[in-house]
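For reference, the chains in residue letters:
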Amino acid sequence: MPDATSPAPDGPQPSAPGGPLARVPAPALFVVSGLTLYLGAAVAVGLFDTLGAPTVSWWRIVLAAVVLLAWRRPWRRRWTRRDLLVAAAFGAALAAMNIVFYVGIDHLPLGVAVAIEFTGPIAVAAVTGRGWRERGAIVVAAGGVVLLAGVTLDGDLPREDVVVGLVAVLAAAACWAGYIVLGKRVAGAGSGVDGLAVGMLAGALLFAPLYGASVPDVVADPALLGFLLVVAVCSSVVPYVLDQVVLRRVGTATFSVLLAMLPATATVVGAVVLRQLPTWPEVVGLALVTGAIAMTATGRR
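Because the structure is predicted, anything quoted here is derived from the model rather than measured.

**Quick notes on the overall build of the protein**
Piece 1. What the protein contains, in helices and strands, is 14 helices and zero strands.
Piece 2. When the helices and strands of the protein are read in sequence order from the N terminus, they spell out α-α-α-α-α-α-α-α-α-α-α-α-α-α.
Piece 3. Expressed as a percentage of its 301 residues, the buried residues of the protein come to 52%.
Piece 4. Across the protein, every contact between residues at least 6 apart in sequence was considered, and the portion connecting residues at least 24 apart equals 89%.
Piece 5. With an accessible surface of roughly 13200 Å², the protein has 67% of that area assigned to carbon and sulfur atoms.

Structure follows, in structure tokens:
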């Protein structure tokens, strides 16, 4: 899943550094981040017939790692063994999350898949939260997921495809929960984007035995490599960088409310780019999940 949901540090963040982005309102930056994230996913869907969803996702991780490593040059930082292991585990969760998510959107509408995947962070909020709203959010989200799953199973898609998609997206939700927990440790170590670069490298290497056989074909096709680079930059690099700018300017509660916009953003991109128009029951399910995301923000400061 999407890096646009990077774990938010507790409390208000310092002001964003100067530059052209400093004048853009934080919510507007977040909207751009979400649109970029899911536009990258829409481009990826168009490549599934050529490479297969898991392979496209692996290339997204590989190329994002290359871009981040070239930009950040994390080898200049002094790393402890523990920091490297945490970053590697974080990258493994991130890579696994993206691979199974891409399998999910190969079988389900983009907006539905994104909404169901949000059960991961909502579950983390329910387990770690102290108020009734966090615990109530998982009930509301579950209602939305059940509605979305039921509508999708009864829809026009082949039942086998829907089952595979639902299993894959629920696996992505579980990986997202692990990503959040490990991401907080990476953030706590102070490595930030450097930790993301190292983690992506580790994730790319971990799954290379499964998908590395595609390297000769992809390298020999500049157009295909270019589209994969677009996916990597749009879905990993740009959203993460924009999120870091947003996180410096808003607190955890505001960021969590902004997260509630993502299922709607994915649905709009799916409708416009992929012609995946939601039905009214799907809209209700999406609204329930969106409400659950917003509920997890209540009480945070």
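The discussion continues.
**A closer look at helix α3 (residues 53-72)**
Piece 1. Here α3 spans 28 Å end to end across 20 residues, near enough to the 28 Å set by a 1.5 Å rise per residue.
Piece 2. Among the 20 residues in α3, 14 count as buried, and that is most of the element.
Piece 3. Directly beyond the C-terminal end of α3, a positive phi value near 45 degrees is found at Arg73.

**As for the confidence of the model for the protein**
Parts of the model with low pLDDT should not have their predicted coordinates read in detail.
Piece 1. Within the protein, residue pLDDT values average 84, and 86% of them lie at 70 or more.
Piece 2. No element of the protein has a lower mean pLDDT than helix α12 (residues 252-259), at 67, and none a higher one than helix α10 (residues 215-219), at 95.
Piece 3. pLDDT under 50 marks residues 4-18. Its contacts with residues more than four places away, or in other chains, come to 48 contacts.

**As for the packing of α3 against helix α9 (residues 192-211)**
Piece 1. It is at 8 Å that the axes of α3 and α9 come closest, and there the two elements cross at 145 degrees. Taken as a pair, α3 and α9 cross one another with a handedness that is left-handed. On α9, the residues touching Pro54, Thr55, Trp58, Ile61, Val62, Ala64, Ala65, Leu68, Leu69, Trp71 and Arg72 of α3 are Val193, Asp194, Leu196, Ala197, Met200, Leu201, Gly203, Ala204, Phe207, Ala208 and Tyr211.
Piece 2. Looking at the contact of α3 with α9, its residues break down into 18 nonpolar, two polar and two charged.

**Here we look at the environment of Ser235**
Piece 1. On the secondary structure map, Ser235 appears in helix α11 (residues 222-249).
Piece 2. Considered as a pair, Ser235 and Leu39 are 196 residues apart in the sequence and their alpha carbons are 7.6 Å apart.
Piece 3. Within the structure, the side chain of Ser235 is placed 3.1 Å from the backbone oxygen of Leu37, a separation counted as a polar contact.

**A few points about the nonpolar core**
Piece 1. Membership of the largest hydrophobic core comes to 86 residues, with the highest contact counts inside it found for Tyr102, Leu110, Phe118 and Leu228.
Piece 2. Aside from chain neighbours lying at most four places away, what touches Leu110 is Tyr38, Ala41, Phe101, Ile105, Ala266, Val269, Gly270 and Gln276.

**Description of unusual backbone geometry**
Piece 1. Of note, the phi angle at Arg73 is positive, near 45 degrees, even though the residue is not glycine.
Piece 2. Tracing the backbone shows Arg73 in the loop between α3 and α4 (81-105).
Piece 3. One non-glycine residue, Arg275, lies in the positive phi region at around 60 degrees.
Piece 4. For Arg275, the position within the fold is in the loop between α13 (262-273) and α14 (280-295).
Piece 5. Residue Arg275 is classed as exposed on the basis of its relative accessible area, which comes to 63%.

**Considering a nonpolar patch on the surface**
Piece 1. A contiguous nonpolar patch, built from Val31, Leu35, Leu39, Val268, Val272 and Val273 and spanning about 460 Å² of accessible area, is present on the exposed surface.
Piece 2. The residue Val272 is located in helix α13 in this model.
Piece 3. Judged by relative accessible area, Val272 falls into the exposed class, the value being 55%.

**Brief notes about a negative patch on the surface**
Piece 1. A cluster of acidic residues, Asp49, Asp106, Glu160 and Asp161, forms a negative patch on the protein surface.
Piece 2. The topology assignment puts Glu160 in helix α8 (residues 159-188).

Calculation rules
Residues numbered from 1 in each chain as written. Predicted model: local features only at pLDDT ≥ 70, side-chain atom pairs only at ≥ 80, totals over all residues. Heavy atoms only, no water. Helix = DSSP H or I, 4+ residues; strand = E, 2+ residues; numbered from the N terminus. Buried < 20%, exposed > 50% of the residue type's maximum accessible area, 1.4 Å probe, protein only. Contact = heavy atoms within 4.5 Å. Areas by Shrake-Rupley, 256 points an atom, 1.4 Å probe, with all protein chains shown as cover. Expected span 1.5 Å × (residues − 1). pLDDT = per-residue confidence, 0-100. Axes fitted to C-alpha atoms, helices over the stretch in contact; angles between N-to-C directions. Left-handed = near helix turned anticlockwise from the far one by under 90°. Nonpolar A, V, L, I, M, F, W, Y, C, P; charged D, E, K, R; others polar. Polar contact = N/O pair within 3.5 Å; in protein donor to acceptor, adjacent residues only side chain to side chain. Core = buried A, V, L, I, M, F, W, Y, C linked by side-chain atoms within 4.5 Å. Patch = residues over 30% accessible without salt bridge, like charges linked within 9 Å, V, L, I, M, F, W, Y side chains within 5 Å. Salt bridge = Lys/Arg side-chain N within 4 Å of Asp/Glu carboxyl O. Lys, Arg positive; Asp, Glu negative; His and termini not counted. Charge placed at Lys NZ, Arg CZ, Asp CG, Glu CD.

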